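# Working through the structure, step by step
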Amino acid sequence: MFSGLLLILLPLILGYLVPVRQPRLQETINRGVNASVYAILGLMGISLTGLDNLSEELARMGGQAALLFLIITPVNLLALWWLSQRSRLHAGQSKAVANAPTSKLAALQGSLQLAGVVVLGVLLGVVASRLGWEAAPAHAERLAEWVLYALLALIGCQLRNSGMPLRQILLNRHGLAIASTVAASSLAAGLLAAPLLDLRWNEGLAMAAGFGWYSLSGILIGDQLGPVLGGVAFFNDLARELLAFLLIPLVIHRATPLAIGYGGATSMDFTLPVIQQHGGVACVPIAVVSGFILSLLSPPLILLLLSL
């Protein structure tokens, strides 16, 4: 039962064991992660075209993603609002951030590009099918699995060399509280969503365990449960990030833990500039710790749940 889990976790663990000191090599690893994510999402789009009744399956995927998002979001928001009412954490006055994207369009560009890669993959798969390359979806699925192993190794290496000492993480009680609230409320919502999505309990939990890391959750779910459910996980977590961009400026001064926490794992990267811009420099270490914990938790938790 755990052999598949071990097979996928092994590259992540091996990557985490590799220390990288040279900035140039770290940059190469970061580029490798980005390239692998784009490749796998494109291949996922191609593999979707191997489904019978493609239009019906895509419509079902969209409906399931919307349902999952509509269940997880209010549970997350209620839990984070509850935490905000009991927390002494309050954002300070915002301060200009060097090199941070100040427009919503600039902040959203990366996530929209990833969604566009999936769409492009579907279009390429349709073209390949019409040209008589019927085996393209099957080849894409196998190739995506190998790229996934490389991606996990690179991600493990990224986490090891992220510059976040364990002591700093464990001593930041605000970051720990926010990450714990996001994780617990997301999993509770996933359990509620499982019967509505016609999934087993562990699959519902796994679908909710991406914590906003859409570029990885969709890949891991798709590898284990097929491209349709992989697409559901991807678009559910992508929608979380898009909503986070809108929520952060509106609520960060009234409910700081909610603003930092709702973005989930993205609070350490994609939504961090918006948090810093509107909440001030004091919010940055809390957001980074919260996002780092959720990023560290998400891959092994998804794989463990899917192995049950």
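Look up: the structure comes first, before these words.
The text that follows walks through the structure, step by step, so that each part is easy to find. (Residues numbered from 1 in each chain as written. Predicted model: local features only at pLDDT ≥ 70, side-chain atom pairs only at ≥ 80, totals over all residues. Heavy atoms only, no water.)

## What to know about the overall build of the chain
What counts is decided by this rule: Secondary structure is summarised from DSSP: a helix means a run of H or I of at least four residues, a strand means a run of E of at least two, and numbering begins at the N terminus for each. Classification of residues uses two cut-offs on accessible area relative to the type maximum, computed with a 1.4 Å probe and protein chains only: under 20% is buried, over 50% is exposed, and between them is partly exposed. Contacts between residues were defined by any pair of non-hydrogen atoms, one from each residue, lying within 4.5 Å. Here the accessible surface of atoms and residues is derived via Shrake-Rupley with a 1.4 Å probe, and residues count as covered only by protein chains that are part of the display.
Per the secondary structure count, the chain includes 13 helices and 0 strands. Mapped in sequence order, the helices and strands of the chain form the string α-α-α-α-α-α-α-α-α-α-α-α-α. Considering the chain as a whole, with its 308 residues, one finds that 54% of them fall into the buried category. Here the contacts in the chain between residues at least 6 apart in sequence split such that 84% fall between residues at least 24 apart. Carbon together with sulfur atoms contributes 65% to the accessible area of the chain, which is approximately 14,400 Å² in total.

## With respect to a nonpolar patch on the surface
The condition that has to hold: Residues enter a patch when their relative accessible area is above 30% and they make no salt bridge; the linking distance is 9 Å between like charges and 5 Å between nonpolar side chains (Val, Leu, Ile, Met, Phe, Trp, Tyr). Put simply, a salt bridge is a Lys or Arg side-chain nitrogen that is within 4 Å of an Asp or Glu carboxyl oxygen.
A contiguous nonpolar patch, built from Leu10, Ile13, Leu14 and Leu17 and spanning about 380 Å² of accessible area, is present on the exposed surface. One can find Leu14 in helix α1 (residues 3-16).

## Let's talk about the pattern of salt bridges
For the coordinates displayed, the defined rule picks out 1 salt bridge. Here Arg31 ties to Glu27 by a salt bridge, and the two come within 3.4 Å at their closest N and O atoms. One end of the pair, Arg31, and the other, Glu27, are both in helix α2 (residues 23-48), 4 residues apart, so they sit about a helical turn from each other. Given a relative accessible area of 38%, Glu27 falls into the partly exposed group.

## Some words on the packing of aromatic side chains
Basically, it comes down to this: Geometry of aromatic contacts follows a simple scheme: Phe, Tyr and Trp rings, the Trp one being its six-membered ring, pair when their centres are within 6.5 Å, and the pair is stacked under 30 degrees between planes, edge-to-face over 60, tilted otherwise. Ring-over charges, as used throughout, are those where CZ of Arg or NZ of Lys falls within 6 Å of the ring centre and within 35 degrees of the ring normal.
Taken as a whole and judged by the stated rule, the model has 3 aromatic pairs. Between Phe234 and Phe235, the aromatic rings sit 4.9 Å apart at their centres with planes inclined by 85 degrees, giving edge-to-face as the arrangement. The structure contains a cluster of three or more aromatic residues connected by ring pairs, namely Tyr214, Phe234 and Phe235. Between the NZ or CZ atom of Arg240 and the centre of the ring of Tyr262, over which it lies, the distance is 5.2 Å.

## Quick notes on helix α9 (residues 214-225)
Formally: Expected span of a helix, by definition, is 1.5 Å for each gap between consecutive residues, and there is one gap fewer than residues.
Taking 1.5 Å as the rise per residue, α9 with 12 residues should run 16 Å; its terminal C-alpha atoms sit 16 Å apart, in good agreement. Extensive coverage of α9 is indicated by the burial of 9 of its 12 residues. Those residues of α9 that sit buried are Tyr214, Ser215, Leu216, Ser217, Gly218, Ile219, Leu220, Ile221 and Gly222. Gly226 sits one or two positions beyond α9 and adopts a positive phi of about 105 degrees.

## Let's talk about unusual backbone geometry
Here Asp198, not a glycine, exhibits a phi torsion of approximately 60 degrees, which is positive. Residue position: Asp198 is located in the loop between α7 (173-196) and α8 (201-208). If you check the backbone angles, Phe211 has positive phi at about 50 degrees while not being a glycine. Along the chain, Phe211 falls in the loop between α8 and α9.

## Describing the nonpolar core
Let me state the cut-off plainly: Residues grouped as a nonpolar core are buried Ala, Val, Leu, Ile, Met, Phe, Trp, Tyr and Cys residues, joined through side-chain atoms within 4.5 Å.
Ranked by size, the top nonpolar core spans 83 residues in total, and within it Leu41 and Phe234 carry the most contacts. Per element, the largest residue contribution to this core is 14 residues, and it comes from helix α13 (residues 283-307). Dropping the residues within four chain positions of it, Phe234 is found in contact with Leu41, Met44, Leu114, Ala115, Val118, Tyr214 and Gly218.

## Focus: the side chain of Asn172
Put simply, the rule is: Any pair of nitrogen or oxygen atoms within 3.5 Å is treated as a polar contact; in protein, a donor-acceptor pairing is required on top of that, and neighbouring residues in sequence qualify only through side-chain atoms on both sides.
Summarising the element assignment, Asn172 is placed in the loop between α6 (166-171) and α7. Here Gly175 takes part through its backbone nitrogen, which lies 2.9 Å from a polar atom of the side chain of Asn172. In this view, Asn172 contacts Pro285, Ile286 and Val289; residues no more than four positions away in its chain are not counted.

## Description of the packing of α2 against helix α5 (residues 136-160)
The test is simple: Geometry is summarised by axes, namely lines fitted to C-alpha atoms with helices restricted to the contacting stretch, and by angles between N-to-C directions that run from 0 to 180 degrees. Working definition: roughly parallel below 35 degrees, roughly antiparallel above 145 degrees, roughly perpendicular at 65 to 115 degrees, and oblique for all remaining angles. Two helices crossing with the near one rotated counterclockwise from the far one by less than a right angle form a left-handed crossing, whereas a clockwise rotation gives a right-handed crossing. Each residue gets one of three labels, nonpolar for Ala, Val, Leu, Ile, Met, Phe, Trp, Tyr, Cys and Pro, charged for Asp, Glu, Lys and Arg, and polar for the others, Gly among them.
Close contact between α2 and α5 brings their axes to 8 Å; oriented N to C, the two are set at 155 degrees. The angle between α2 and α5 falls in the class roughly antiparallel. Here α2 runs over α5; the crossing is left-handed. Of the residues in the contact of α2 with α5, the class split is 18 nonpolar, 5 polar and 1 charged.

Any link to function would need more than the numbers given here.
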